[in-house]
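Commentary on secondary and tertiary structure
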Amino acid sequence: MLAHLCTTSLTLYILWITMAQVDGQDDKEKTTALKDLLSRIDLDELMKKDEPPFTFPKTLEEFEYAFNEDGQLRHINTGEPFVFNAREDLHRWNQKRYEALGEVDASEDEPTSFIYLSPDALSNPSKLLVLIQGSGVVRAGQWARRLIINQDLDSGTQIPFITKAIEEGYGVMVLNPNENYLEVEKPALSSTLPSPTELSDEPAEKRERKEDKESKKKKEFYGKYRNPQKETETERIPIRENGSSEEHVLYVWDNFVSNAAAKNVFIMAHSYGGLSFVELMNQRDMQVKNRVCAVALTDSAHNIWLQETSKGTQDWMQQHCCNWVSSAEPLDTPLEAVLPDCPRVSAGTERHDLTSWTSFDSIFRFFAEVLEAKDDEEAEETSNTVTTRSSSHKNKHQDL
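- Within an unreviewed UniProt entry, the label attached to the protein chain reads ARB2 cotranscriptional regulator A, and the organism entered is Cynoglossus semilaevis.

Take a look at the structure:
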C-alpha cells in the first residue's frame, strides 16, 4: 500500500511538471501531451527501480527465526512474531520474502517426525488405506503395547492390516500421530553451596528456606539413584505442524493423502485416532468428502458435540462411517446410536484395546462392500449416459 502511494505521488509530481510546461498551450494540446506522457510511464518499472534483489536465506536460522517450545515462530533475538512489512516501502519484496520463508524446510537441528508408506502409496491409482492409531505410548504401526507384550504382534500391531491391504491391492499409509516433540536433555546448571559463614549472616527465615531447598535436592538425588532413567532433566521441543495427533493427521492429509493418485481413499482409526479424523473433517470438509469412500472406527473417542461438527458432516458420517465399539454383544451386532453420527456395531469384545483386532475381517468386508456399491453406481450412471445418448441419436435419425 505504501509503495503504491509512493508511486502515485511520483506520477502526480511528473504530471504537475508537465502541466507547468504546457501551461501556455490550449486545452486540446495539453490533453494530447498528458496522454502521450502517461503512455510512456511503466508503473511496474517504477516500483522495481529501488527494490533490492529477491535473494533470501535458505534456512530458518539464516532468517533469524525459530520455533519456541510452544511451537510458535519467533525471532531469535527479539522474541517477536514474524513481521511481514520488514521494508515498509517495498510490498513486492516483502511478499517474496514471506514466500521464501514459507518454502524453508526443516533445518538440520530441527526435530522431525515420519510416517510409513507402501511403495505405491502415492502412485496407486485405485485404492489407498490410511491407518491412524490411538493416543498414548504406542508408536507408528502399533495399536496397543500391552497386547504386543502380553499377547502377540497380530493383535497389538497394524501388521495384519498392512499385509491384508497390500494383498487386496491397496496402497498403505501408516501415520505416527503420537510423535509430537523431541525430548532433549537440559544443560546442567552449575551451583555452589554457600559456606556456613555466609549462611550465618542471613536472616533465619531466608536460611531455613535455603535449607529446605537443599533437603529437597538431596531427596531428588536419591530418587534419581533409585530410578536411574530420571537421572537428567529434559525439555520437549515440539515438531513443527505436528504438535498433536490432530495436527499430525491434518499435516499428512495436506502433504501426502491429498497428493496421492488413488481414486478411492479408505481410513481406519482407533480410539483417539477417530477424534483426530473428525477434526480433519472439520478442517477439510469438502476435500475429505470428495476423496474418502469409507471410514472404519474402532472404539472411537470422537464427540461431534464437543468438536462442534456440522450437520452436513454428521450426515456424511452416517452414510460413510462405521464404529466398532467394545461390547458384550456378538461381533457386528447393531447397537443403539448414542450420537447422530456414524452407526455403531459390536466389536465382539469388551476390551478397548482389542477392538481393532477382533473387527479385522468385518472392516475389510465393510470396505469391499462400499467399493462394490460405488462401482455398481458408477457403472449404472455410465449405462444411463450411453442409453440417453443412443436414444437421442436414434430420435434424430428418425426425424431425418
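1. Some words on the side chain of histidine 75
- By secondary structure assignment, the location of histidine 75 is in strand E2 (residues 73-75).
- Within the structure, histidine 75 has its side chain in polar contact with the backbone nitrogen of asparagine 77 (distance 3.1 Å).
- From its side chain, histidine 75 meets the backbone nitrogen of threonine 78 in a polar contact 3.4 Å long.
- If sequence neighbours within four positions are ignored, histidine 75 has contacts with Glu64, Tyr65 and Glu80.

2. What about the side chain of asparagine 178?
- Structurally, asparagine 178 can be placed in the loop between strand E5 (170-174) and strand E6 (181-185).
- Classification of asparagine 178 by relative accessible area gives buried; the value is 10%.
- Of note is the side chain of asparagine 178, whose polar atom sits 2.8 Å from the backbone oxygen of glycine 134.
- Sequence-distant contacts of asparagine 178, that is, excluding residues within four places in its chain, are made with Gln133, Gly134, Ser135, Gly136, Val138 and Arg139.

3. So, the pattern of salt bridges
- Under the defined criterion, the tally for this structure stands at 8 salt bridges.
- Close ionic contact of arginine 146 with aspartate 353 constitutes a salt bridge, the shortest N to O distance being 2.8 Å. Of this pair, arginine 146 sits in helix H6 (residues 145-150) while aspartate 353 sits in the loop between strand E12 (344-346) and helix H15 (355-358), placing them 207 residues apart in sequence.
- Across the pair glutamate 378 and lysine 263 runs a salt bridge whose closest N-O atoms are separated by 3.2 Å. Residue glutamate 378 is found in helix H16 (residues 360-399), and its partner lysine 263 is found in the loop between helix H11 (245-255) and strand E8 (264-270); the two are separated by 115 residues along the sequence.
- Within the structure, one salt-bridge network assembled from shared partners comprises Arg146, Arg351 and Asp353.

4. What to know about unusual backbone geometry
- Phi angles above zero are rare outside glycine, and serine 271 is one such case at about 55°.
- By secondary structure assignment, the location of serine 271 is in the loop between E8 and helix H12 (272-283).
- Given the relative accessible area of 14%, serine 271 is considered buried.

5. Examining a negative patch on the surface
- A cluster of like negative charges, contributed by Glu369, Glu372, Asp375, Asp376, Glu377, Glu380 and Glu381, occupies part of the molecular surface.
- Within the fold, aspartate 375 resides in helix H16.

Conventions used here
Residue numbering note: each chain is counted from 1, following its sequence as written. With the structure being a predicted model, the display of local features is reserved for residues of pLDDT at least 70 and the display and counting of side-chain atom pairs for 80 or more, all residues being used for whole-chain, interface and lining totals. Think of the side-chain values as coming from all heavy atoms in the structure, minus any hydrogens and water. The way it works is that DSSP assigns letters per residue, a run of H or I at least four long becomes a helix, a run of E at least two long becomes a strand, and they are numbered from the N terminus. Polar contact criterion, stated in full: a pair of N or O atoms within 3.5 Å, where within protein one must be able to donate a hydrogen and the other to accept it, and residues adjacent in sequence count only if both atoms are side-chain atoms. Working rule for contacts: check all heavy atoms of both residues, and any pair within 4.5 Å makes them a contact. Burial classes: relative accessible area under 20% of the type maximum marks a residue as buried, over 50% as exposed, and values in between as partly exposed (1.4 Å probe, protein chains only). A pairing counts as a salt bridge when a side-chain nitrogen of Lys or Arg comes within 4 Å of a carboxyl oxygen of Asp or Glu. Exposure above 30% relative accessible area and no salt bridge define the residues that can form patches, which grow by joining like charges within 9 Å and nonpolar side chains of Val, Leu, Ile, Met, Phe, Trp and Tyr within 5 Å. The Shrake-Rupley method, run with a 1.4 Å probe sphere, supplies the accessible areas, and residue values consider only the shown protein chains as cover. Neither His nor the chain ends contribute to the count of charged residues, in which Lys and Arg are positive and Asp and Glu negative. Every charge is mapped to an atom, namely NZ of Lys, CZ of Arg, CG of Asp or CD of Glu.

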